[in-house]
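Listed here are the chains, written in short residue letters.
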Amino acid sequence: YDLWEEVSSASFFTSAVQHRALRQGVTFAKKIGYTSAVNNWTTQADNILCFLQVKRSRFCIYPFLTCALKTFWNGLHLKSNTKEGRSGIDANSALASIHTFDAAAGCDGATFQPCSDKALASLKVYVDSFRAIYAINRGTGSNGAVATGRYPEDIYYGGNPWYLTTAAVAEQLYDSLIVWKAQKSVTITNVSLAFFQQFLPSVKPGTYASDSKVYTTLMDATKQQADGFLAVNAKYTPADGSLSEQYHKDTGAPLSAKHLTWSYASALTAFAAREGRVLPSWGAKGLKVPDVCVPNPGPIVSATFNVVAKTVFGENIYVTGSLDQLVNWSPNDALLLSATAYPTWSITLDIPASTNFEYKFIRKSNGAVTWESGPNHLVTTPTTGSIEFSTTWR
């Protein structure tokens, strides 16, 4: 699920931290002698790492479904949620980078380390998306630090800056500085070029050693910008030092939950990164992305969806719902039912066992889509065997 618990779709942050957790779980299990499940955990960690690079929109083990491919990366920035309806520009990506930071991995792109080209490109797009939509940001230069929120389309409490998201930007920059200092160089690619050109417009792709003027200029500018994000938070922090969840986009007044633990934690981790503190490696260095992502749906059951529906010539009945196998509420990709037993339309799918999910039927005719009326069908699959879900069109 989405980091903000608002979108039922694949989430870059969720997948990235699950990947790290599995790697650390394998290491811990080996230390305590619990090795019976380690191979499977490693396999699933590899699958998640693969999934982070390229996301399959279907489980390809179901031969009747097209294996169209999607990716979290759209060529310009990470699209933090795979479900349509938002730009995908989200603090999700910065938070994922800092929560999976492993200095030993350098600027590794496969694990989207803070100084990797895709992570930096995404950071700039994310920050820039808030420059004009919050009144308190107006008048700031094109590379100046600004207050940032969860995502530009946010409407919660009217959509405002959050202390933790603004601190996350600073922390990603500080983490990048840690690695650049350690490796004594900065590498710029075509992907990350826009990020670096905000500080030095004339800079070109290449690797710049620590004894170069370009390196010094970029390091100093990045540090200044990182400090600026913390200064923005400080400006809108009450005199008693208390941190709420948000602050008002027009006035800077604290909003929503008071004394939010995550806000305090984000300040502490950003301060630690500023001081150059590095946590032990979790094993990100040298990981190889598998050539093929292999989904593992776990135990499955056979589920038949039946609906009695009379149609006119050229009209067909489809189903979609809250599972990957039901294409995640996508009317465009909804699954066509068979009319062999007309007026009963049917389709049989392999879906996860012991799972609660929702679904609905739709009609399509000449490009027009009509949803079944009433609430979604809420059902549960058994632990084994098969099941039928039958209804009449509403």
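Residues numbered from 1 in each chain as written. Predicted model: local features only at pLDDT ≥ 70, side-chain atom pairs only at ≥ 80, totals over all residues. Heavy atoms only, no water.

Enquirer: What is the right way to look at the overall build of the chain in this model?
Expert: When its secondary structure is counted, the chain shows 8 helices and 15 strands. Considering only C-alpha atoms, the chain reaches an extent of 75 × 55 × 40 Å along its principal axes. Residue burial in the chain is summarised as follows: out of 394 residues, 49% are buried. Taking the contacts inside the chain whose residues are at least 6 apart along the sequence as the reference set, 62% of them involve residues at least 24 apart. Of the roughly 18300 Å² of accessible surface on the chain, a fraction of 56% belongs to carbon and sulfur atoms. Of the charged side chains in the chain, 33 are positive and 29 negative, and the gap between their average positions amounts to 3 Å. (Helix = DSSP H or I, 4+ residues; strand = E, 2+ residues; numbered from the N terminus. Buried < 20%, exposed > 50% of the residue type's maximum accessible area, 1.4 Å probe, protein only. Contact = heavy atoms within 4.5 Å. Areas by Shrake-Rupley, 256 points an atom, 1.4 Å probe, with all protein chains shown as cover. Lys, Arg positive; Asp, Glu negative; His and termini not counted. Charge placed at Lys NZ, Arg CZ, Asp CG, Glu CD.)

Enquirer: When you look at the state of the cysteines in this model, what are you seeing that I'm missing?
Expert: Structurally, a disulfide amounts to a covalent bond that connects the sulfur atoms of two cysteines. One pass over the full model with this rule turns up 2 disulfides. Each disulfide pairs two cysteine sulfurs, and for C107 the partner residue is C115, the sulfurs being separated by 2.1 Å. On the S-S bond that ties C107 to C115, the torsion sits near -110°, and the link is left-handed. (Disulfide = S-S within 2.5 Å.)

Enquirer: Would you explain the sheet that holds strand 10 (residues 338-341) in this entry?
Expert: Adjacent strands of a sheet pair through backbone hydrogen bonds, lying either parallel or antiparallel. Spatially, 10-11-7-15 is the arrangement adopted by the 4 strands of the open sheet, whose pairing is mixed. Strands at the two margins of the open sheet, each flanked by one partner only, are strand 10 and strand 15 (386-392). Within this sheet the neighbouring strands show an average axis-to-axis angle of 35°, counted without direction. Taken together, the 9 bridges between strand 7 (residues 300-308) and strand 11 (residues 344-352) define a ladder with antiparallel strand orientation. (Pairing = 2+ DSSP bridges. Axes fitted to C-alpha atoms, helices over the stretch in contact; angles between N-to-C directions.)

Enquirer: Is there a simple way to explain the packing of aromatic side chains in this structure?
Expert: Think of a pair of aromatic rings as described by two things: how far the centres are apart, and how the planes are tilted against each other in angle. Applying the stated rule across the entire model yields 23 aromatic pairs. With a centroid separation of 5.7 Å and 50° between ring planes, the pair formed by W180 and F196 is classed as tilted. With W180 in helix 5 (residues 163-183) and F196 in helix 6 (residues 193-197), this residue pair connects regions lying 16 residues apart in the sequence. Residue W180 shares its accessibility class with F196, and that shared class is buried. Ring plane angle 90° and centroid distance 5.5 Å describe the contact between F195 and F199, whose orientation is recorded as edge-to-face. A single burial state applies to F195 and to F199, both of which are buried. Aromatic rings pair up to connect F305, F357, Y359, F361 and F389 into one cluster. The ring of Y151 carries R86 above its face, with NZ or CZ at 3.8 Å from the centroid. (Phe/Tyr/Trp six-rings, centres within 6.5 Å; stacked < 30°, edge-to-face > 60°. Lys NZ or Arg CZ within 6 Å of the ring centre and 35° of its normal.)

Enquirer: Any chance you could explain the pattern of salt bridges here in plain terms?
Expert: Between side chains of opposite charge, a pair can form when the charged atoms approach closely. Applying the stated rule across the entire model yields 12 salt bridges. Between R150 and D154 there is a salt bridge, with the nearest N and O atoms lying 2.8 Å from each other. In this structure, R150 and D154 share a single accessibility class: buried. Residues R274 and D227 are paired through a salt bridge, measuring 2.8 Å at the closest nitrogen-oxygen approach. Taken together, the residues span a long stretch of sequence, with R274 in helix 8 (residues 261-274) and D227 in helix 7 (residues 213-235) at a distance of 47 residues. (Salt bridge = Lys/Arg side-chain N within 4 Å of Asp/Glu carboxyl O.)

Enquirer: Quick question: what am I supposed to make of the pairing of strand 13 (residues 368-371) here?
Expert: Taken together, the 4 bridges between strand 12 (residues 356-365) and strand 13 define a ladder with antiparallel strand orientation. Residue I362 lies in a different strand from strand 13, and its bridge partner there is W371.

Enquirer: Looking at this structure, I do not really get the nonpolar core. What am I missing?
Expert: Across soluble globular proteins, nonpolar side chains show a tendency to be buried alongside one another. With 68 residues, the main nonpolar core has L95, W180 and F196 as its most contacted residues. Counting only elements with at least two residues in this core, the list comes to helix 1 (12-31), helix 3 (91-99), helix 4 (117-128), helix 5, strand 3 (185-188), helix 6, helix 7 and helix 8. Examining the composition of this core, we find that 12 residues originate from one element, helix 5, more than from any other. The residues contacting W180, other than those within four sequence positions of it, are C107, C115, L120, S185, V186, F195, F196, Y215, M219 and T222. (Core = buried A, V, L, I, M, F, W, Y, C linked by side-chain atoms within 4.5 Å.)

Enquirer: Can you walk me through the confidence of the model for the chain in this structure?
Expert: When pLDDT is low, close inspection of the predicted coordinates is not appropriate. Scored by pLDDT, the chain has a mean of 93; 94% of the residues are at 70 or more. In this model residues 55-69 is a low-confidence stretch, pLDDT under 50, and it forms 30 contacts with partners more than four residues away in sequence or in other chains. (pLDDT = per-residue confidence, 0-100.)

Enquirer: Would you explain the packing of helix 3 against helix 5 in this entry?
Expert: Each pair of packed helices can be described by the angle between their axes along with the distance between the axes. Packing of helix 3 against helix 5 brings their axes to within 9 Å, and their N-to-C directions diverge by 45°. Taken together, the axes of helix 3 and helix 5 are oblique relative to one another. You can see that helix 3 and helix 5 cross each other, and the crossing is left-handed. Counting all contacts with helix 3, which are made through A91, A94, L95, S97 and I98, the residues of helix 5 involved are L164, T165, A168, E171, Q172 and D175. Of the residues in the contact of helix 3 with helix 5, the class split is 6 nonpolar, 3 polar and 2 charged. (Parallel < 35°, antiparallel > 145°, perpendicular 65-115°, else oblique. Left-handed = near helix turned anticlockwise from the far one by under 90°. Nonpolar A, V, L, I, M, F, W, Y, C, P; charged D, E, K, R; others polar.)

Enquirer: Explain a nonpolar patch on the surface here, please?
Expert: On the surface, F28, I32 and Y34 cluster together to form a nonpolar patch covering roughly 350 Å² of accessible area. Relative to the assigned elements, I32 resides in the loop between helix 1 and helix 2 (38-53). (Patch = residues over 30% accessible without salt bridge, like charges linked within 9 Å, V, L, I, M, F, W, Y side chains within 5 Å.)

Enquirer: Explanation requested: the packing of helix 1 against helix 2 in the structure shown.
Expert: Relative orientation of the contacting elements helix 1 and helix 2 amounts to 155°, with a least axis distance of 9 Å. Of the possible angle classes, the one that applies to helix 1 and helix 2 is roughly antiparallel. Every pair of crossing elements has a handedness; the one defined by helix 1 and helix 2 is left-handed. Contact residues: F12, S15, A16, Q18, H19, L22, R23, G25, V26, A29 and K30 in helix 1; V38, W41, T42, Q44, A45, D46, I48, L49, F51 and L52 in helix 2. By residue class, the composition of the contact of helix 1 with helix 2 is 12 nonpolar, 6 polar and 3 charged.

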